[in-house]
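Residue-level listing of the chains:
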Amino acid sequence: MRGAVRLAAAVLAVLVVPACSSLQSSDPSADAAPGAGDAGTLQVAAYNFGESQIVANVYSGALNAAGESAEVKTLTNREIVIPAAEQGEIQVVPEYAGTLTEFLNKQVNGPDAPAQASPNIDVTVKHLRKLADQVGLVVLEPAPARNQNAFAVRKEFAAEHNLTTLTQLGEYSQQSPVSVGGPPECPARPFCLIGLEDTYGVQVSEFVSLDAGGPLTKSALEQGMVDVGLVLTSDGALDQFGLVILTDDKNLQASDNIIPVVNAKADNDTINKTLNAVSAKLTQEALRQMNYAVDWERQDPATVAQSWLVANGLA
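This structure is a prediction, so every number in the text was calculated from the model and none was measured.

A look at the overall build of the protein chain
And step 1. Within the protein chain, the secondary structure is distributed over twelve helices and ten strands.
And step 2. Looking at the protein chain as a whole, 50% of its 315 residues qualify as buried.
And step 3. Counting only contacts in the protein chain whose residues sit at least 6 apart along the sequence, the fraction spanning at least 24 positions is 77%.
And step 4. Carbon and sulfur atoms make up 50% of the accessible area of the protein chain, which amounts to about 13500 Å² in all.

Details of helix α11 (residues 284-295)
And step 1. For α11, built from twelve residues, the straight-helix expectation of 16 Å at 1.5 Å per residue is met to within 8% by its first-to-last C-alpha distance of 16 Å.
And step 2. What α11 keeps buried is the set Q284, A286, L287, M290, N291, A293, V294 and D295.

A word on the packing of aromatic side chains
And step 1. Evaluated as defined, the whole model comprises three aromatic pairs.
And step 2. Judged by centre distance (5.7 Å) and plane angle (90°), the rings of F157 and Y172 are edge-to-face. With a gap of 15 residues between them, F157 in helix α6 (residues 155-160) and Y172 in helix α7 (residues 166-173) connect regions that are remote in the sequence.
And step 3. Under the relative-accessibility criterion, F157 is labelled buried at 6%.
And step 4. Relative to W296, the ring of Y292 lies with its centre 6.2 Å away and its plane at 5°, an arrangement referred to as stacked.

A look at the sheet that holds strand β6 (residues 178-182)
And step 1. Reading across from one edge, β7-β6-β8-β5-β9 is the order of the five strands in this open sheet, with mixed pairing throughout. Both outer strands of the open sheet, β7 (204-209) and β9 (243-246), are each paired with one neighbouring strand and no more. Put simply, the sheet's adjacent strands are angled 35° from each other on average, direction ignored.
And step 2. Both strand β5 (residues 149-154) and β9 contribute to a ladder of four bridges, which runs antiparallel. Looking at the pairing, F151 lines up with L246 of β9.

Notes on the pairing of strand β3 (residues 92-96)
And step 1. The buried fraction of β3 amounts to five of the five residues, a majority that puts the element mostly inside the structure.
And step 2. The alternating pattern of β3 places V92, P94 and Y96 on one face and V93 and E95 on the opposite face, and all of these are buried.
And step 3. Sheet analysis places β3 next to strand β10 (residues 258-263), joined by five bridges and oriented antiparallel. Paired with P94 across the two strands is P260, which belongs to β10.

A few points about the pattern of salt bridges
And step 1. Taken as a whole, this structure holds five salt bridges when the rule is applied.
And step 2. Residues D239 and K155 are paired through a salt bridge, measuring 3.3 Å at the closest nitrogen-oxygen approach. Of this pair, D239 sits in the loop between β8 (228-232) and β9 while K155 is found in helix α6, placing the two residues 84 residues apart along the sequence.
And step 3. Across the pair K218 and D235 runs a salt bridge, and its minimum N-O distance is 2.8 Å.

A short note on the pairing of strand β2 (residues 70-74)
Every regular strand shows the same layout, with side chains that alternate between the two sheet faces.
And step 1. Summarising burial for β2: five of the five residues are buried, a large majority.
And step 2. Where strand β1 (residues 42-46) lies against β2, five bridges are found, and the strand directions are parallel. Residue pairing for β2: L42 is matched across the bridge by A70.
And step 3. A crossover links β1 with its parallel partner β2, the connecting element being helix α2 (residues 50-65), and its sense is right-handed.

Some remarks on helix α4 (residues 97-109)
And step 1. With 13 residues, α4 extends 17 Å from end C-alpha to end C-alpha; this agrees with the ideal 18 Å at 1.5 Å per step.
And step 2. By the burial criterion, the buried members of α4 are A97, G98, L100, T101, E102, F103, L104 and N105.
And step 3. For α4, the elements touching its buried residues are α3 (78-86), β3, α5 (121-134) and β10.
And step 4. At the C-terminal side of α4, G110 shows a positive phi close to 100°.

Structural notes on the packing of α2 against helix α12 (residues 301-311)
And step 1. Axis separation between α2 and α12 bottoms out at 8 Å; the angle between their running directions is 55°. On the basis of their axis angle, the class for α2 and α12 is oblique. Where α2 crosses over α12, the handedness of that crossing is right-handed. The residues of α12 that touch α2, namely those facing Q53, I54, N57, V58, G61 and A62, are P301, A302, A305, W308 and L309.
And step 2. Looking at side-chain class alone, the contact of α2 with α12 contains eight nonpolar, three polar and no charged residues.

Overview of unusual backbone geometry
And step 1. Backbone geometry places N162, a non-glycine residue, at a positive phi of 55°.
And step 2. Summarising the element assignment, N162 is placed in the loop between α6 and α7.

Let's talk about the nonpolar core
Considering soluble globular proteins, one finds that nonpolar side chains tend to be buried as a cluster.
And step 1. In terms of nonpolar packing, the biggest core is built from 33 residues, with V58, Y59, L63, L275 and W308 touching the most fellow members.
And step 2. Elements represented by at least two residues in this core include exactly β1, α2, β2, β3, β10, α10 (269-281), α11 and α12.
And step 3. Element by element, the count of residues in this core is highest for α2, at seven residues.
And step 4. Ignoring anything within four residues of it in the chain, the contact list for L275 reads Y59, L63, V92, L140, P260 and V262.
And step 5. Listed in part, the 22 residues of the second largest apolar core include Y47, V125, L131 and A132.

Procedures and definitions
Residues numbered from 1 in each chain as written. Predicted model: local features only at pLDDT ≥ 70, side-chain atom pairs only at ≥ 80, totals over all residues. Heavy atoms only, no water. Helix = DSSP H or I, 4+ residues; strand = E, 2+ residues; numbered from the N terminus. Buried < 20%, exposed > 50% of the residue type's maximum accessible area, 1.4 Å probe, protein only. Contact = heavy atoms within 4.5 Å. Areas by Shrake-Rupley, 256 points an atom, 1.4 Å probe, with all protein chains shown as cover. Expected span 1.5 Å × (residues − 1). Phe/Tyr/Trp six-rings, centres within 6.5 Å; stacked < 30°, edge-to-face > 60°. Pairing = 2+ DSSP bridges. Axes fitted to C-alpha atoms, helices over the stretch in contact; angles between N-to-C directions. Salt bridge = Lys/Arg side-chain N within 4 Å of Asp/Glu carboxyl O. Right-handed = clockwise from strand over helix to strand, strands pointing away. Parallel < 35°, antiparallel > 145°, perpendicular 65-115°, else oblique. Left-handed = near helix turned anticlockwise from the far one by under 90°. Nonpolar A, V, L, I, M, F, W, Y, C, P; charged D, E, K, R; others polar. Core = buried A, V, L, I, M, F, W, Y, C linked by side-chain atoms within 4.5 Å.

Next up, the structure:
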C-alpha cells in the first residue's frame, strides 16, 4: 500500500477511539443474553459501537423520564438483535432505516429480493413499516440524524478545485483522475467505488484499501495519501482531520436515518410519544457532537446521552 509506513506513523500519532471500540454501557450486564433484566423493564438494544450506545442511552433515558422503566442491553450484531426484538426478548432498538429495510427485505422476501430502501426517507420508511409488520415490529418516526456512507476530501483540495458535490468531483476527475481510499470491499460495492464510477463518472487512478471511515481513512486523507475517502455522515471528527463531505447530489446512498423500532406486543402510547419526541430533536449536528464526545473525548455514552436529554427538555 502506498505510504504504508507514513500512514501507520500518522495513525499512532493521533489519539483515536474508533466507534467500534469497547465502551461502558449504563447497563452493568452488558453483553448478556437478550432479555436479561428485571421483569417489566424495557430492554433497549445497543450495538457494540459508540454511536449505537449513545442513541440507546438517549432512548432509555427518555423512556425512564416518561415513566417507562428501561435499561440498555449491549449486544453485537443485527443477526442477534433483530430476532431478539421480534421474539420480544428486546423491546426497543435504535436502528438505521435503509439498512434495516434491506435486512428485513432479505428475511421476508428472500436473499435475492430487489432492494426496497431508497434515497427518499419517506419511501424507505413506507417499505420498512410493511416489512416490520410481518415480523411483529413497529417502526416509529425517523430522526433527521443519519449515518450513511459519504465521500470526503481535504478542505484545501475542495477549495483549490471548487468541489462541493460528487458531480463536480466526477467532472474534475476527467482531467485529473483521483485516488480513492476505503474498506477492502469498496471496489465491489454499488454504494462505494462502483457508485462513484457509474453514477458520477469518477475516474479513479488508484484504490487504496483502508477501513470503513475509520482512523486509517481519515489519516490517509489528512496526509494527502489519497484524494477521496469513504467516511460516515455522522462522524464527529471530520473537522479534526480538516475534511469536508462532498454532497451526494444524485442520491447514490440509500437513506439511513436513525429510527426507533419497537416490539409490537410491548408497544404503547407512552413509548411512541416519547421516542417520536426524541427523533424530532435528534439532528445530524447533535449526533456528530455526541459521537465526538464519546469517540474522541472518551466520555461515557450514558452521560453524554443524559446531557443531551436535559438540554432538549426530554429528561
